[in-house]
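# Results of the structural survey
Residues per chain, in single letters:
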Amino acid sequence: MLSNRLAPLLSKGCISSLRTSSSFSSSPIQPWLFVGLGNPGEKYQCTRHNVGFDMIDAFAQSQGIPLTTHYFKALFGEGMIDGVPVLLAKPQTYMNLSGESVGPLAAYYKLPLNRVLVAFDDMDLPCGVLRLQPKGGFGRHNGLKSLIYHFRRNREFCRLRIGIGRPPGQMDPKAFVLQKFNRTGRERIDSAIKEGVDILKMVAIKGLTEAARLSNADQKYKHLRSHDLQD
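The structure displayed is predicted, hence computed values, not measured ones.

## Points about the packing of aromatic side chains
The final tally for this structure, using the stated rule, is eight aromatic pairs. Feature note: the residues Tyr71, Phe72, Phe76, Tyr108 and Tyr109 constitute an aromatic cluster, connected by ring pairs. Here the guanidinium or amino end of Arg48 rests over the ring plane of Phe181, the centre of that ring lying 5.3 Å away. Here Arg159 stacks its cationic end above the ring of Phe157, 4.1 Å away from the centre of that ring.

Below, the structure written as structure tokens:
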């Protein structure tokens, strides 16, 4: 059984708590799992690579969902949005091993991947531009690569791409993503995160297709006005 296979990952208390969750036991609607990618620890706070964490933190705060429980190697929370169950997770495995957390978590809740949405930093979008997509590859993003591996090579999970812009000149992209934003960049990201909170709520209530139709049109206009920020 699935719970037996995952037993080493959880204490008995955790399994009991998950099974008896009051938020989910009475709902016939399949939950959404919203995941933010990033690196744990104060060293990485406010860096470009952690905007996925920032997005989930902001969404959790807006909905009054505490992210204080540790499940499946993640900071975890659960709540309801207009009757729709929502799970929130911030893997604490470090970015490149994110799938070790998210794969078992999605499996435990028996979620199809079209009910999993991952928020992450994307150098291929200008800073502060968002893009909602139903699936895709991993490009140069090792966090997404880990997720795909632990989803048994399945790439059909939803994504909220958060643009961070490209590194200047010949700067190493690995160094770029681990830096903090300059003031203008931070302002754009903070504005994008506020927009992202509304987008995630729309996904939960209206579904991904409608949320993408409405949000991507607006973001496309923003994309045309935006330029990559250089430090």
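Past the structure itself, the notes keep going.
## Here we look at the layout of surface pockets
For the largest pocket, the calculated volume is near 610 Å³. Around the largest pocket, the lining is made up of 26 residues, and of these His49, Met123, Arg140, His141 and Asn142 lie nearest the centre. Of all elements in the fold, only strand S5 (116-122), helix H6 (142-150), strand S7 (158-163) and helix H7 (173-177) reach the threshold of two or more residues within the lining of the largest pocket. Counted by class, the lining of the largest pocket contains nine nonpolar, nine polar and eight charged residues.

## What to know about the nonpolar core
Residues Trp32, Phe34, Leu88, Leu117, Leu132, Leu160 and Val203 are the most contacted members of the largest nonpolar core, which totals 38 residues. Broken down by element, this core gets its largest block of residues, nine residues, from helix H8 (residues 183-206). Each residue touching Trp32, except ones within four places of it in the same chain, is listed here: Val84, Pro85, Val86, Leu87, Asn114, Arg115, Val116, Leu117, Cys158, Val203, Ala204 and Leu208. Core analysis: the next-biggest nonpolar cluster, separate from the first, contains 25 residues, Leu87, Val102, Tyr108 and Leu144 among them.

## A closer look at the packing of helix H5 (residues 99-108) against H6
As a packed pair, H5 and H6 sit with axes 8 Å apart at the nearest point and diverge in direction by 40 degrees. The angle between H5 and H6 places the two elements in the oblique class. Helix-helix and strand crossings are classified by hand; for H5 and H6 the assignment is right-handed. Contacts from Gly99, Glu100, Val102 and Gly103 in H5 reach Ser146, Leu147 and His150 in H6. Residue classes in the contact of H5 with H6 are distributed as two nonpolar, four polar and one charged.

## Details of the confidence of the model for the protein
Looking at the protein, pLDDT values average 88 and 84% of them are 70 or higher. Of the regions scoring below 50 in pLDDT, residues 1-23 engages in 28 contacts with residues more than four places distant in sequence or in other chains. The low-confidence segment residues 227-231 (pLDDT under 50) makes 19 contacts with residues lying over four places distant or belonging to another chain.

## Overview of the pattern of salt bridges
Throughout the structure, instances matching the rule amount to eight salt bridges. Here Asp57 makes a salt bridge to Lys90, at a shortest N to O gap of 2.8 Å. Here Asp57, found in helix H4 (residues 51-63), pairs with Lys90, found in strand S4 (residues 84-91); they are 33 residues apart in sequence, far enough to count as distant.

## Observations regarding unusual backbone geometry
Of note, Asp82 is a non-glycine position whose phi angle comes to about 50 degrees, a positive value. One non-glycine residue, Arg152, lies in the positive phi region at around 60 degrees. With respect to the secondary-structure elements, Arg152 resides in the loop between H6 and S7.

## Some thoughts on the sheet that holds strand S2 (residues 69-71)
Taken in spatial order, the seven strands make up an open sheet running S2-S3-S4-S1-S5-S7-S6, and their pairing is mixed. Of all strands in the sheet, those bounded by a partner on one side alone are S2 and strand S6 (130-133). Sheet twist, expressed as the average angle between the axes of neighbouring strands with direction ignored, equals 25 degrees. Two elements, strand S1 (residues 32-36) and S5, share four bridges in a ladder whose sense is parallel. Looking at the pairing, Phe34 lines up with Leu117 of S5. Sitting on the sheet, H8 is in contact with S1, strand S3 (74-81), S4, S5, S6 and S7, with an inclination near 20 degrees to S6.

Basis of the calculations
Residues numbered from 1 in each chain as written. Predicted model: local features only at pLDDT ≥ 70, side-chain atom pairs only at ≥ 80, totals over all residues. Heavy atoms only, no water. Phe/Tyr/Trp six-rings, centres within 6.5 Å; stacked < 30°, edge-to-face > 60°. Lys NZ or Arg CZ within 6 Å of the ring centre and 35° of its normal. 1 Å grid on protein atoms, 1.4 Å probe; cavity = no way out; pocket = protein on both sides within 12 Å on 5 of 7 lines; lining within 4 Å. Points joined across faces, edges and corners; volume = space filled by probe spheres on them. Helix = DSSP H or I, 4+ residues; strand = E, 2+ residues; numbered from the N terminus. Nonpolar A, V, L, I, M, F, W, Y, C, P; charged D, E, K, R; others polar. Core = buried A, V, L, I, M, F, W, Y, C linked by side-chain atoms within 4.5 Å. Buried < 20%, exposed > 50% of the residue type's maximum accessible area, 1.4 Å probe, protein only. Contact = heavy atoms within 4.5 Å. Axes fitted to C-alpha atoms, helices over the stretch in contact; angles between N-to-C directions. Parallel < 35°, antiparallel > 145°, perpendicular 65-115°, else oblique. Left-handed = near helix turned anticlockwise from the far one by under 90°. pLDDT = per-residue confidence, 0-100. Salt bridge = Lys/Arg side-chain N within 4 Å of Asp/Glu carboxyl O. Pairing = 2+ DSSP bridges.

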